[in-house]
Amino acid sequence: MKRKLFNEQIKDNPLRSKADVKAALVDILAPAMEVLAQQKRKGRFRMSDSGAVYLQDKTEVEGFMRLL
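Draft legend 1. Up close: the environment of Leu68. For Leu68, the location among the structural elements is in the segment after α2 (56-67). Residue classification places Leu68 among the exposed positions, given a relative accessible area of 73%. Linking Leu68 and Leu29, residues 39 residues apart in sequence, is a C-alpha distance of 9.7 Å.

Okay, structure coming up:
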């Protein structure tokens, strides 16, 4: 069974206009925005407990900044 990607619709986007690019950006960020809404911590984005060597607070801020 083939697994569907969360942003599969992007491959059909021609990226020829400003509206196309805006739609692609929204499609890419939509899953992260859902997580941010659930976590209810502005300026913080926590995906997992691994990967960074910083304190938890700095790791969450870095996660948010990467979205920008």
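The rest of the description comes next.
Draft legend 2. Representation of α2. For α2, with 12 residues, the first-to-last C-alpha span of 17 Å sits near the 16 Å given by 1.5 Å per residue. Listing the buried residues of α2 in full gives Thr59, Glu60 and Gly63. Within α2, the buried residues cover an arc of 100 degrees as seen down the axis, which keeps them to one side.

Reading the values: rules and limits
Residues numbered from 1 in each chain as written. Predicted model: local features only at pLDDT ≥ 70, side-chain atom pairs only at ≥ 80, totals over all residues. Heavy atoms only, no water. Helix = DSSP H or I, 4+ residues; strand = E, 2+ residues; numbered from the N terminus. Buried < 20%, exposed > 50% of the residue type's maximum accessible area, 1.4 Å probe, protein only. Expected span 1.5 Å × (residues − 1). Arc of directions from axis to C-beta.

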